Amino acid sequence: MSAGEAVLRLENVGKRFGAVQALRGVSLDARAGEVLALMGENGAGKSTLLRLMSGVHPPDAGRILLRGEPVVFATPHAARAAGVRVVAQEPEIIADISVAENVYAGALPRRGRLFDRSALRAQVAADLARYGFTGVINPEQRGRDLSPAQRQIVEILRALTGGARVIAFDEPTSSLSDHEVESLFRLIGQLKAEGVAVIYVSHRMKEIFRIADRILVLRDGASVGERVAAETAEPELVRMMVGRDLSTLFPRSERRVGDTVLRVRHLTTEDVSDISFEVRSGEVVALAGLVGAGRTELAHAIIGDTPILSGQVEVDGRPLTLRSPRDAVRAGLALAPEERKQQALLMKRSVRDNICLAVLSRLQKWHVVSRADESRIARRYVAELRVRTPTIEQEVSTLSGGNQQKTVLARWLAREAKVLLLDEPTRGVDVGAKADIYAIIDKLAVEGSAILVISSELPEVLGLADRIIVMQGGRIRGELAREGATEEKILSLAILEDAA
Ligand SMILES: Nc1ncnc2c1ncn2[C@@H]1O[C@H](COP(=O)(O)OP(=O)(O)OP(=O)(O)O)[C@@H](O)[C@H]1O
Ligand SMILES: [Mg+2]
């Protein structure tokens, strides 16, 4: 297949879920040897589009053409057999079998009636070498021991070894470290060279401009337009996506920094060593560093979720005895964890129930919380964070990925804690929603909360924080004041070895 030819074409496809028109009249061409990026706000219809082309849902309208021929994919299996595959963000990995078996599950090389273990091992080793994953993942490793990145690699290998000609990625980098993102991009470069048509969904502009050839923007389930990546600039894309200019991504009100609320003294756990710092009332402090620097572990230790080996945590000058996260909650600490979806959402419950969960435990002791109170709180945060849902009664499982993220974040914001720890608060949310989240953080700071934000996005760190603490290898490597802080200074503290 020559480069540029449309391998897969969607023509005027539509899809409705109950009251929600998720897609209407959307067309796209996936061409051999090209990366087509899909962008759009949370709930715009990107994942739904991938589900239509991969046989998860049938379109209600329009048609799908494969190399010019109309096709109907009745099941994901049928789509895969035709060479169309979506790399799942949370792939199904069988815990008890090896990487090699996971990759080839369903298509194991056989010798007679038994599968040929040594042939399999050799095959997978060759695949790993071909795609540059030797050393990143070991074919003998069990499914249960794989990191999120490794799980994704298994899923990608499944696609490649299954002979996929169209491979779609739905926000593949949200759980990857920078280093892993680089290997993914190398891999995508290789897929292009081999004539695979790649479709790439992401909210990260930087990634889009690095790897996309064309960009298709969706809004409210409809196509806003397609652009050639090399001829397009970020502000234009933002305007296309959100339908308004985002003049102030980082609103900053006059913050009155008060007394120290959170103080951490010489805190040591299995993962972090001798951590000391403080966060004052009305202050936003960012914890920067590479994935794996120990930031998430530190946050969990502060709220008593991880055993402390030595050192202590104080709130308002009083040392905490943290035996469990419940003690932390009582002391006025709240952590919105990084893996919000797995750790936090009750998928079968409503948006309202999910938002009000933490508020309830705060209020229950004092008085009975009425349904009306709950609804008021839920409505307020649905509006402030622009959670895209028909009503607050909607079951959370039917929301788009980013809107699920916003729902859990709303829960922690609604708690109005004295000390708020936010671990990657904007992961997976669109650029408009980011601005909304920054505005809420700013407002909470103005109202006197002490806020600690863990973020891997340097522009976010620089835009939000009053002070920046940089970690590396489980230790604090330095602190930067907002004035004079730059991406370079943060990175050099985060990366460079020093003798100290
Ligand atoms: N199974 C379903 N039942 C009801 N509504 C659904 C279902 N699947 C998707 N939707 C709705 O369709 C719309 C589009 O969702 P989709 O997941 O495609 O958005 P998205 O662009 O991928 O967003 P995100 O960036 O947040 O991942 C949303 O309003 C979503 O709530
Ligand atoms: Mg999605």
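Everything numeric here is computed off the predicted structure, so don't read it as measured data. Per chain, residues are indexed from 1 in the order of the written sequence. Ligands are numbered from 1 and chains lettered from A, in the order in which they are written. With the structure being a predicted model, the display of local features is reserved for residues of pLDDT at least 70 and the display and counting of side-chain atom pairs for 80 or more, all residues being used for whole-chain, interface and lining totals. The side-chain figures draw on all heavy atoms in the structure; neither hydrogens nor water molecules are used.

Regarding the sheet that holds strand β22 (residues 475–481)
For clarity, the cut-off: Strand pairing is assigned whenever DSSP identifies at least 2 bridges connecting the two strands. Counting from the N terminus, the helices are DSSP H or I runs at least four residues long and the strands are E runs at least two residues long. In this analysis an axis means a line fitted to C-alpha atoms, helices contributing only their contacting stretch, and an angle means the value between N-to-C directions, from 0 to 180 degrees. Contacts are assigned to residue pairs that have any heavy atoms within 4.5 Å of one another.
As summarised here, the arrangement of the six strands in space is β18-β19-β20-β15-β21-β22, forming an open sheet in which the pairing is mixed. Looking at the sheet topology across the chains shown, the edges are occupied by β18 (333–336) and β22. In this sheet, adjacent strand axes meet at a mean angle of 20° when their direction is disregarded. With four bridges joining them, β18 and strand β19 (residues 419–423) adopt parallel strand pairing. The residue bridging Leu333 from the neighbouring strand is Val419, located in β19. Across the sheet, helix α9 (residues 295–302) is in contact with β15 (284–288), β18, β19, β20 (450–454) and β21 (467–472); its angle to β20 comes to roughly 145°.

Considerations on the domain arrangement of the protein chain
For the record, the criterion: Throughout the structure description, domain borders are defined by an automatic or database domain assignment. Buried area: the accessible surface (1.4 Å probe) lost by two parts on joining, summed over both. For this document, the term salt bridge refers to a Lys or Arg side-chain nitrogen within 4 Å of an Asp or Glu carboxyl oxygen. Counted as a polar contact is a pair of N or O atoms within 3.5 Å, where, for protein atoms, one must be capable of donating a hydrogen and the other of accepting one, and residues adjacent in sequence contribute only when both atoms are in side chains. Three residue categories are used. Nonpolar comprises Ala, Val, Leu, Ile, Met, Phe, Trp, Tyr, Cys and Pro, charged comprises Asp, Glu, Lys and Arg, and polar comprises the others, including Gly.
When cut into domains, the protein chain gives domain 1 (6–93 + 146–242) and domain 2 (260–495). Centre-to-centre separation of domain 1 and domain 2, based on C-alpha positions: 31 Å. On the side of domain 2, 18 residues touch domain 1, which itself brings 17 residues to the contact. Across the interface of domain 1 and domain 2, roughly 1300 Å² is buried in total on both sides, 50% from carbon and sulfur atoms. One can count one salt bridge joining domain 1 with domain 2. One salt bridge connects Arg388 with Asp220, and the closest N-O pair in it is separated by 3.0 Å. Taken together, the links from domain 1 to domain 2 amount to six residue pairs in polar contact (both at pLDDT 80 or more). With three residues, helix α8 (residues 234–242) is the largest single contributor of residues to the side of domain 1 that touches domain 2. Within the side of domain 1 that touches domain 2, the residues separate by chemical class into five nonpolar, six polar and six charged.

Observations regarding the site of ligand 1
For clarity, the threshold we go by: The near set for a molecule or strand comprises every residue that places at least one heavy atom within 4 Å of it. The Shrake-Rupley method, run with a 1.4 Å probe sphere, supplies the accessible areas, and residue values consider only the shown protein chains as cover.
Near ligand 1 there are 20 residues, and of these Gly43, Lys46, Thr48, Ser400 and Gly402 occur at the shortest range. In this structure, Asn42 approaches ligand 1 through a side-chain N or O atom, which is 3.0 Å from an oxygen atom. Take Thr48: an N or O atom from its side chain is 2.6 Å from an oxygen atom of ligand 1. For ligand 1, the accessible surface in isolation is 640 Å², of which the surrounding protein chains cover 88%. Looking at the shell around ligand 1, the elements with two or more residues in it are β2 (20–31), α1 (46–53) and α14 (401–414). Classifying every residue of the shell around ligand 1 by side-chain character gives five nonpolar, eleven polar and four charged. In this structure, the shell around ligand 1 is formed jointly by two domains, domain 1 (6–93 + 146–242) and domain 2 (260–495), each of which donates at least three residues.

With respect to the environment of Arg51
Tracing the chain through its elements places Arg51 in helix α1. Sequence-wise, Arg51 and Val86 are 35 residues apart; in three dimensions their C-alpha atoms are separated by 8.1 Å. Not counting residues up to four positions away in its chain, the partners in contact with Arg51 are Val56 and His57.

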